[in-house]
Structures are given as C-alpha cells and as structure tokens.
Amino acid sequence: MQSENSESVYTRAGQKREIPEQASDASQRKQICASIADRGQLEGHQSEVSTQTDTEERIPPSATDQGCQWTDFSLEDHDYCKTVKPTASKTFRDASVLCRLSKEETVAEKMLKTDSDARLYCGVPLNTFWTLVDGVQQFAHKKWRMPVSEQILMTLMKLKLNLLLADLARRFGVSESLVSKTISFWIDALETHLSSIVVWLPRESIRHRMPDCFKKHFPKTTCILDCAETIMQKPSNLKSGRSYSNYKSHNTVKYCVAVAPCGIIMHISKAYGGKASDKYIVSDSGILQNLLPGDEVMADRGFTIEELLFPLGVNLNIPAFSQGKQLSDEEVTRKRRLANAHIHVERAIMRLKVFKILEDPLPISLAQKIDKILCICAALVNLGFDLIQEKQMEDQ
C-alpha cells in the first residue's frame with residue numbers, strides 16, 4: 001500500500017510513478033520527479049512513434065482529445081467493421097477487347113425507338129434497319145465483340161450525319177481507330193451485299209409501276225437521267241485539275257443517276273472528276289447497255305446525247321430550246337409537262353443528298369471509297385419510303 005507521505009507523478013506516456021517517502025526535502029523531490037519524467041519519456045517515446053504513425057492516418061481528428069497527448073481508442077471504428085463499397089459496373093471497351101453485360105441494352109436499341117429515330121440516324125425505317133442487321137450479321141468481323149447492330153448503326157450514322165470519328169467514338173464508347181476500322185470494313189461489306197438493290201428494272205416492271213402523269217403524256221419513258229456533284233477537298237497532287245468543276249468553282253466528284261418513272265434508282269455511275277462532261281459520263285458509265293430499241297430517255301436540256309441514243313433506237317425527251325424565238329403553245333405545254341415529270345429525278349437526288357457524306361465536302365481519306373458510298377446511299381434510298389406515292393398529282 002502507498003504510505004501517507006508518499007507522492008506520485010505521471011510520466012508523458014501516462015505511467016504513474018511513486019516518489020519514495022525518504023525524499024522529504026523539496027529539492028530532492030524535485031530532482032527525483034525530473035529523473036522519473038526523463039526515464040518515462042524515453043520509455044514511452046518508442047510506443048508513441050509506432051502508435052502515432054498508425055493512428056494518425058486512419059483516425060479522424062475528432063477521435064483525439066485536444067487536452068491530452070494520446071489517442072482515445074474508444075472513438076475509433078474497428079477495422080473489421082469497414083466494408084468496401086461495390087463500384088458500379090462499367091462497360092470496358094478497347095480497340096481489341098469489348099466486354100458487355102448480357103442484359104445491357106445495346107446502343108442501337110437505346111437510340112432507335114421509332115421510325116423517326118431510324119430515319120434521323122440511318123436514313124431508313126426502323127424495320128428496314130433491323131432487317132439489314134439480320135441480313136449482314138453472318139458477314140461480321142469475327143474478332144470484334146461489338147454487337148453487329150452497333151457496327152451497322154455507326155457506319156450509317158457516318159453516311160447519314162457525317163459525324164466526326166471522335167464524336168462516334170464517344171457515342172459508342174470505343175477508340176477512334178476502332179471506329180475508322182469499323183466504318184471502312186462495313187462500307188466494303190455493305191456495297192457488296194446492297195449492290196443488287198440498285199438494279200435496272202425490266203421494261204414490263206417499269207410500265208406496270210408507272211405513275212399516271214407518265215402514262216398519260218410519256219408512256220414509253222424508261223428512265224430519267226441527271227448528274228450531280230459533291231464538293232471534295234482539293235488534292236495536293238498535280239491531278240487536281242481533273243476534279244475542278246467550272247460549274248461549282250470547286251474540286252468535285254460527279255456522278256450520273258438514272259431513276260425509273262416510279263422513283264426507284266436503277267443506276268448510279270461511279271464517281272468522275274468534276275471536269276468530266278455529262279455526255280462522257282453517260283457513254284462511259286454503262287447506262288446505254290441497259291436501253292432497248294423503242295425506249296425513251298428523259299433528261300435536262302444539258303444532256304446533248306442524241307448521237308449516242310440514235311444508233312440504239314432510243315428517243316430523247318428534253319425541253320425545247322427557244323434559240324431566241326418565242327415557243328409555240330404546244331412547245332410550252334410540252335416543256336411544262338417535261339419539267340413536272342423531271343422533278344422526280346431531282347427528288348431522288350435530293351434523297352441522296354440527305355446523306356450528309358454526299359452533301360458536305362468529301363475528305364480526301366474517303367475519296368477512294370466514294371464509288372462504294374454512292375452505291376450504298378442509292379440502295380438505302382430504294383429501301384426507304386416510296387418516292388412517288390399512290391395518289392399522284394396530275395399535270396394541270
């Protein structure tokens with residue numbers, strides 16, 4: 001037991017040390033207290049270093065009493081109570097690895113809900129898009145784990161909206177290099193499998209589906225011809241002069257479109273330089289091989305191709321030239337009827353230009369694929385809604 005005359009002192013580490021009662025003198029007690037405090041400080045220094053470094057990082061400041069030098073462990077949470085919060089599962093995609101949860105909805109299913117969505121992003125109705133996906137699924141790249149519907153949607157969005165590769169990469173959560181590879185692959189694949197949709201119809205089919213405005217005034221019309229141009233970036237080589245168009249005052253690619261009276265695109269030529277004339281494109285594109293004796297071709301007055309059609313027994317319907325004199329009433333009426341009928345090929349070209357890849361300036365990187373792009377866009381126009389509805393407005 002502690003004697004009545006004994007005193008105690010607390011070290012820095014919180015240890016209680018007794019002062020011998022023999023040290024009754026004040027000076028002796030002071031020296032003993034100092035020596036005991038020094039020994040206690042040395043003994044508690046090592047424990048303080050180990051506990052302070054361990055507790056300062058994992059104990060909040062509120063767990064330490066400001067009035068003492070040690071930690072109040074009663075306020076500390078136990079380690080075994082701490083649980084790791086589960087992180088939300090994220091879709092990881094890379095140029096070589098594409099992982100997706102089986103129950104997750106694809107980007108195509110999220111974006112395409114109605115026909116309006118499909119026409120906006122793809123240029124075709126919703127059912128046509130999914131039919132196209134089912135038809136080309138077997139030709140997909142085996143090493144790519146991205147769903148085929150997303151690959152087709154990505155390619156059609158490039159053709160329809162002409163989005164930047166970086167924009168498509170963010171929308172689909174992939175790298176830009178994978179977007180470029182996907183679009184390049186499917187342009188080649190779609191051209192191979194959709195080229196059969198742009199086909200020259202037999203004469204019987206053309207007559208059977210001919211609108212009333214043609215049956216009444218131009219019953220022998222087989223096709224309507226016109227040329228269109230797309231501005232392209234100026235090439236840096238010396239051959240850029242071949243693509244310069246005096247009509248557009250730019251470097252362009254030029255192509256010829258043949259539309260049936262019912263509005264179906266039956267032929268679209270390959271792309272030529274903007275310097276090529278309409279006559280040269282018609283003679284070189286192979287359109288003349290599809291014409292039969294007795295057919296009639298409707299074109300604008302710029303198509304001076306009579307000498308090409310005459311040996312084939314094909315008639316050319318173009319508006320009459322005034323040549324500085326007033327046209328007769330019959331010629332004016334015929335000119336007006338030709339203009340009303342020729343509007344259909346212009347509407348077909350307008351549907352082609354709905355695909356912004358043909359409306360915006362064509363980059364040099366896609367110039368080598370422009371022939372395939374033209375074929376795909378023409379096929380998508382044919383897969384869309386009818387150009388000429390059942391109820392035709394008759395000529396006034």
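Residues numbered from 1 in each chain as written. Predicted model: local features only at pLDDT ≥ 70, side-chain atom pairs only at ≥ 80, totals over all residues. Heavy atoms only, no water.

1. Details of the overall build of the chain
Piece 1. A count of helical and extended segments in the chain gives 14 helices and nine strands.
Piece 2. Sequence separation of 24 or more characterises 57% of the internal contacts of the chain that already satisfy a separation of 6 or more.
Piece 3. Just so you have it, the chain exposes about 23700 Å², and 51% of that area is on carbon and sulfur atoms. (Helix = DSSP H or I, 4+ residues; strand = E, 2+ residues; numbered from the N terminus. Contact = heavy atoms within 4.5 Å. Areas by Shrake-Rupley, 256 points an atom, 1.4 Å probe, with all protein chains shown as cover.)

2. Description of the pattern of salt bridges
Piece 1. Counted according to the given criterion, the structure contains seven salt bridges.
Piece 2. With a closest N to O distance of 3.0 Å, aspartate 167 and arginine 171 form a salt bridge. Highlighted residues: aspartate 167 and arginine 171, both in helix 6 (residues 165–172), separated by four residues, approximately one helical turn.
Piece 3. Under the relative-accessibility criterion, aspartate 167 is labelled partly exposed at 28%. (Salt bridge = Lys/Arg side-chain N within 4 Å of Asp/Glu carboxyl O. Buried < 20%, exposed > 50% of the residue type's maximum accessible area, 1.4 Å probe, protein only.)

3. Digging into the packing of aromatic side chains
Piece 1. Scanning all chains against the criterion turns up four aromatic pairs.
Piece 2. Pairing phenylalanine 185 with tryptophan 186 gives two aromatic rings, centres 5.2 Å apart and planes at 80°, and the pair type is edge-to-face.
Piece 3. Overall, the relative accessible area of 25% leaves phenylalanine 185 in the partly exposed class.
Piece 4. Relative accessible area serves as the criterion here: at 0%, tryptophan 186 is assigned to the buried category. (Phe/Tyr/Trp six-rings, centres within 6.5 Å; stacked < 30°, edge-to-face > 60°.)

4. Structural notes on the nonpolar core
Note on soluble globular proteins: their nonpolar side chains tend to be buried together.
Piece 1. Ranked by size, the top nonpolar core spans 97 residues in total, and within it Phe129, Ile152, Leu153 and Leu225 carry the most contacts.
Piece 2. Beyond its immediate chain neighbours, meaning those up to four positions away, leucine 153 contacts Val107, Ala108, Met111, Leu112, Tyr121, Cys122, Phe129 and Phe172. (Core = buried A, V, L, I, M, F, W, Y, C linked by side-chain atoms within 4.5 Å.)

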